[in-house]
Amino acid sequence: MGTRGGGLYVGRRVAAVGAALLLALLVTVLALAALYGRCRQEAATPPPSPRAPGPAAPPPPAPAASSVRRLPRHLLPLHYDLELWPRVRPGQTGPFAFTGQVNITVRCLQDTDTAVLHSAGLRIRGAAAVRGPRSEPGAAVEVAGLRQEEADEVAVLELRGRLRAGHRYVLQLGFQGRLEEDLDGLFLTRYTDRGQSRMFIASQMEPTYARRVYPCFDEPAMKATFNIRIIHDPSYVALSNMPAIDVSEVKDENGSLWTVTTFNTSLKMSTYLTAFVICDFDYVTRTERGNEIRIWARKEAVKNGYVDYALNITGPIFSFLEDILNVSYPLPKTDLVALPDFGAGGMENWGLMIFQEASLMNLPSDKFTSRKAMIALIVSHELGHQWFGNLVTMNWWNDLWLNEGLASYFEYLGATFVEPKLSLDKIFYAHVVQPVLREDSEIARSLSESEDKIKGSFSLMSLFDNITYSKGASITWMLSGFLTEKLFIRALTSYLKEFSFSNANQDDLWTHIQMVVDAQDEVQLPAPVKQIMDSWTCQNGFPVLTLNLTTGTIRQEQFFNKNNRKRTDSYNNTWIVPISWMRNGSSQPLTWLDKSSKMFPEMQVSESEHDWILLNVNLSGYYRVNYDQLNLKRLARLLENDPKAIPAVSRFQLIDDVFALADFGYVPIETALELTKYLAREDELFIWNVVLLNLIPDNLESTLKNHEVYPLLKVLFVKMLMLWKMTILLKCIWKNSWQQRAGWASKTVWTCHLNCMLSGGTTLSTKSPF
């Protein structure tokens, strides 16, 4: 056999093993993409059998409507007396319907001869009436007519007299509607339990589905209290926001017997938080600080212990949030219901949270798995809403991030509190910050929109996206970082107490943060809180900072795709940027960039190759960093010699930033690949994950056909296959020895990206056992 020419070679067996191991790691990444899309992407309509869990997802889009009509402010709802009667018996084949009666006590704020409220897809039964003023017993205002405007989803009561400002009246309407199997409003779903076909009825009101269940003032700022009564088949149990206080019987027009469940008066809340479940489930229960917690599910699931883990963590997360926020949970009970079919990962209804079944269930024999991690995250998110969204609600949907962004932030704090094995910073950056940075550079909308932009059902539903959830959480993380967690939590407590049972906008939050900042001398800000934070919430996108080490100059610009930029495009946004930084391994005081360009003499480096700068340490700010070639070479050399000299999250950030910069035309691809040369010494799985996500892009085929990039990738992968340490690492991963270090059992194949963020863990197979 002749001698081989120059170059790098591997034996067939070694190459095959290495390729298989690389493929295994890649499969993990791809499995994540399918199984762990962020909390609140639209869930596909599932079959009756349970689905694999996902993060708490936004509700599915509403049917198209011409506009989201704002109600006139003539009337303010104070209280609802609501009766719902789903006309459903076990085994009934349909069609299904429900009837109801609502009496709404309102205060008149301005004289008017019409009463306008929301109603969609309902038919008014009988004659509508207006009683009052309440100060005059027996008084009434005659209703001349009732007009339903389906396009605007409103009902208009035209009156022969006028409602007078300062007085209270009661609007009385009977109604009926269709009970569909569409997972919106009040819906019916069939499922199988113990081989028997069964049905349940449940609700999903957010954002504007309450008007499809009962006539109401369906806007988040129009809060009121509720007395709710549900009439249902005796074989079912009825649940709502508050505890049941009475169960009685009633006969219908045919003499058939029905059960009437009456609930205690609710706290003041928005219509989108009203909730109803009628089912024949079982439950498990425990009490935490006087809060009765019950988790309801199919009888078989409860018997097998599938919801025990969710029950065990719910109380401690409640207590954690109460303690950290210094605001008590105000309800006497909390029901969490696991539905076999639900259009979102979870819904935070006050006192009656509803979840996808698989979002609350796991095998009781498991120790710690990625499924448990997802359950902890989803439950923690919905519990966070009990304060951010339920207790204090945004004024209007344009500030939805005050609900979802803050709940998404506390989702990770709560989950890592009950599961300390979860690495908070790693999962937060890999699951929240990094994905939304990629998405935010392509989306032309700000985190907080002006109210007049929210027009039409499409634009309203489009707010339930990763910008609202993940960018909101990322901005909150950054805010907590430069304020310090102590001051941030103090401000949140002040904000929650001021606006309890009411509504707020983001300026209200800024005001309370400013109050806390002004009351101390420890943290000094370069500008008012509103000016700093509006630069992040009221502008599209985010900045990229470019550092010149020779001059110590940092320049900022909006991060955009230079490859696709048109000459007419304008990117003149400027942010007030907190810069955490490190020099030669030593942390430096926080500094600020409050203009488009600024010189920092302390960031000028010497000629020594050991003199280097690292910005945005541990990804504490919501931006990318572009270093000059001098610093990049020094960082690359440092990584090859001593990777641990740079914190793990910063290594993650360096790689993700440089590949994003290459993808958008800021630096050549060779610069990005230069930073990967050290990877033989990298033992953090979440960093390997981001490497493969960047090296194996969605458009892999076109990348491999790129004659400039392909040879570089080929050389890189051949070198990786030749690196013995890489092979050892991959074998170690394949054999789950990294899991054994944490003492966790491995049961089946990987199915969740969370494993890359854990110091160890297992997952369930892609086939749900539930």
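Calculation notes
Residues numbered from 1 in each chain as written. Predicted model: local features only at pLDDT ≥ 70, side-chain atom pairs only at ≥ 80, totals over all residues. Heavy atoms only, no water. Helix = DSSP H or I, 4+ residues; strand = E, 2+ residues; numbered from the N terminus. Buried < 20%, exposed > 50% of the residue type's maximum accessible area, 1.4 Å probe, protein only. Contact = heavy atoms within 4.5 Å. Areas by Shrake-Rupley, 256 points an atom, 1.4 Å probe, with all protein chains shown as cover. Pairing = 2+ DSSP bridges. Salt bridge = Lys/Arg side-chain N within 4 Å of Asp/Glu carboxyl O. Axes fitted to C-alpha atoms, helices over the stretch in contact; angles between N-to-C directions. Parallel < 35°, antiparallel > 145°, perpendicular 65-115°, else oblique. Nonpolar A, V, L, I, M, F, W, Y, C, P; charged D, E, K, R; others polar. Core = buried A, V, L, I, M, F, W, Y, C linked by side-chain atoms within 4.5 Å. Lys, Arg positive; Asp, Glu negative; His and termini not counted. Polar contact = N/O pair within 3.5 Å; in protein donor to acceptor, adjacent residues only side chain to side chain. Expected span 1.5 Å × (residues − 1).

K.L.:
Any chance you could explain the overall build of the chain here in plain terms?
P.N.:
Tallying secondary structure elements over the chain gives 19 helices and 29 strands in all. Looking at the chain residue by residue over its 770 residues, the buried ones come to 60%. A fraction of 71% describes how many contacts in the chain between residues 6 or more apart in sequence connect residues 24 or more apart. Here the chain displays about 30000 Å² of accessible surface, and carbon together with sulfur accounts for 51% of that area.

K.L.:
Just to check I follow, could you spell out the sheet that holds strand S14 (residues 257–263) for this structure?
P.N.:
The pairing of strands in a sheet comes from backbone hydrogen bonds and takes either a parallel or an antiparallel form. With mixed pairing, 8 strands are arranged side by side in an open sheet as S5-S4-S8-S2-S1-S11-S14-S13. The open sheet has two free edges, formed respectively by strand S5 (140–141) and strand S13 (244–251), since each of these has just one partner strand. Here 2 bridges tie strand S4 (residues 123–131) to S5, and the two strands are oriented antiparallel to one another. Note that in S5 the partner of Arg 131 across the bridge is Ala 140.

K.L.:
What is the right way to read the pattern of salt bridges from this model?
P.N.:
Between side chains of opposite charge, a pair can form when the charged atoms approach closely. On inspection of all chains with the given rule, the structure shows 42 salt bridges. Between Arg 298 and Asp 193 there is a salt bridge, and its shortest N-O distance comes to 3.4 Å. Of this pair, Arg 298 sits in the loop between strand S17 (291–297) and helix H2 (299–303) while Asp 193 sits in strand S9 (residues 185–193), and the two are 105 residues apart along the sequence. Each member of the pair, Arg 298 together with Asp 193, is buried. Its salt-bridge partner being Arg 445, residue Asp 465 comes within 2.7 Å of it at the nearest N-O pair. Here Asp 465 is found in the loop between helix H7 (457–461) and helix H8 (466–483), whereas its partner Arg 445 is found in the loop between helix H6 (424–440) and H7, with 20 residues between them in sequence. Bridged by salt links that share partners, the residues Arg 69, Arg 147, Glu 149, Asp 152 and Glu 158 form one connected network.

K.L.:
Quick question: what am I supposed to make of the pairing of S13 here?
P.N.:
Side chains on a regular strand alternate between the two faces of the sheet. Sparse coverage of S13 is indicated by the burial of 0 of its 8 residues. Judged from the 7 bridges that link them, S13 and S14 form a sheet pairing that is antiparallel. The residue bridging Val 250 from the neighbouring strand is Trp 258, located in S14. Between S13 and S14, which pair antiparallel and follow one another directly, the connecting turn spans 5 residues, one of which, Gly 255, has a positive phi of 85°.

K.L.:
I tried to follow the packing of helix H13 (residues 648–663) against helix H15 (residues 685–695) on my own but got confused; where do I start?
P.N.:
For any two helices packed against each other, the geometry comes down to the angle between their axes and how far apart the axes lie. Where H13 contacts H15, the two axes come as close as 9 Å, and the packing angle between them is 5°. Judged by the inter-axis angle, H13 sits roughly parallel to H15. Taken together, the residues of H15 that come into contact with H13 (itself represented by Ala 648, Val 649, Arg 651, Phe 652, Ile 655, Asp 656 and Phe 659) are Phe 686, Ile 687, Val 690, Val 691, Asn 694 and Leu 695. Looking at the contact of H13 with H15 residue by residue, the class counts come to 10 nonpolar, 1 polar and 2 charged.

K.L.:
Honestly, the pairing of strand S1 (residues 75–86) in this entry has me stumped. Any pointers?
P.N.:
For S1, the tally of buried residues reaches 9 of 12 residues, placing the bulk of the element in the interior. The sheet contact formed by S1 and strand S2 (residues 97–108) spans 11 bridges and is antiparallel. Counted as the bridge partner of Asp 81 is Asn 103 from S2. Bridging between S1 and strand S11 (residues 225–232) involves 6 bridges; their strand directions are parallel. When the bridges of S11 are listed, Asp 81 appears paired with Asn 227.

K.L.:
Just to check I follow, could you spell out the sheet that holds strand S20 (residues 352–356) for this structure?
P.N.:
The strand order across the open sheet formed by 5 strands is S16-S17-S18-S20-S19, and the pairing between neighbours is mixed. Only two strands of the sheet have a single neighbouring strand rather than two, namely strand S16 (282–288) and strand S19 (346–347). Note that S19 and S20 share 2 bridges and pair antiparallel. Across the sheet, Met 347 pairs through a bridge with Ile 354, a residue of S20. Its contacts with the sheet place helix H3 (residues 308–325) against S16, S17, strand S18 (333–339) and S20, and it is angled at close to 30° to S16.

K.L.:
How should I be thinking about the nonpolar core in this particular structure?
P.N.:
The nonpolar side chains of a soluble globular protein tend to be buried, and buried together. Ranked by size, the top nonpolar core spans 234 residues in total, and within it Tyr 214, Phe 217, Phe 276, Trp 387 and Leu 615 carry the most contacts. Looking at which element gives the most residues to this core, the answer is H13, with 10 residues. When residues no more than four places from it in sequence are discounted, the contact partners of Phe 217 are Leu 71, Leu 75, Pro 77, Tyr 80, Ile 104, Val 106, Val 116, Leu 117, His 118, Leu 171, Met 222 and Thr 271.

K.L.:
Any chance you could explain the side chain of Lys 372 here in plain terms?
P.N.:
If you trace the backbone, Lys 372 turns up in helix H4 (residues 370–384). One buried charged residue, Lys 372, remains without a salt bridge, the closest side chain of opposite sign being Glu 419 at 5.8 Å. In contact with Lys 372, not counting residues within four places along its chain, are Tyr 309, Asn 362, Asp 366 and Lys 367.

K.L.:
Is there a simple way to explain the side chain of Gln 204 in this structure?
P.N.:
Mapped onto the fold, Gln 204 is located in strand S10 (residues 196–204). For Gln 204, a relative accessible area of 2% puts it in the buried group. A distance of 3.2 Å separates a polar side-chain atom of Gln 204 from the backbone oxygen of Glu 206.

K.L.:
Can you walk me through unusual backbone geometry in this structure?
P.N.:
Residues apart from glycine generally show negative phi values, whereas peptide bonds are mostly found in trans. Cis peptide bonds are those with omega within 30 degrees of zero, and the linkage from Gly 94 to Pro 95 qualifies with 5°. Relative to the helices and strands, Pro 95 is located in the loop between S1 and S2. Omega for the peptide link from Gly 132 to Pro 133 comes to 10°, which places this bond in the cis form. On the secondary structure map, Pro 133 appears in the loop between S4 and S5. For Leu 619, which is not a glycine, the phi torsion comes out positive at approximately 50°. By secondary structure assignment, the location of Leu 619 is in the loop between strand S28 (613–615) and strand S29 (624–627).

K.L.:
Got a minute to help me understand helix H10 (residues 506–518) in this structure?
P.N.:
For the α-helix, the turn length of 3.6 residues means that residues three or four positions removed from each other point alike. For H10, spanning 13 residues, the distance from its first C-alpha to its last is 18 Å, which sits close to the expected 18 Å at 1.5 Å a residue. Along H10, the positions that sit buried rather than exposed are Gln 506, Asp 508, Leu 509, Trp 510, His 512, Ile 513, Gln 514, Val 516 and Val 517. Contacts made by the buried residues of H10 are with helix H5 (401–418), H8, helix H9 (485–498), strand S22 (502–504) and helix H11 (529–537). Between the side-chain oxygen of the N-cap and the backbone nitrogen of Asp 507 there are 3.0 Å, and the N-cap of H10 in question is Asn 505.

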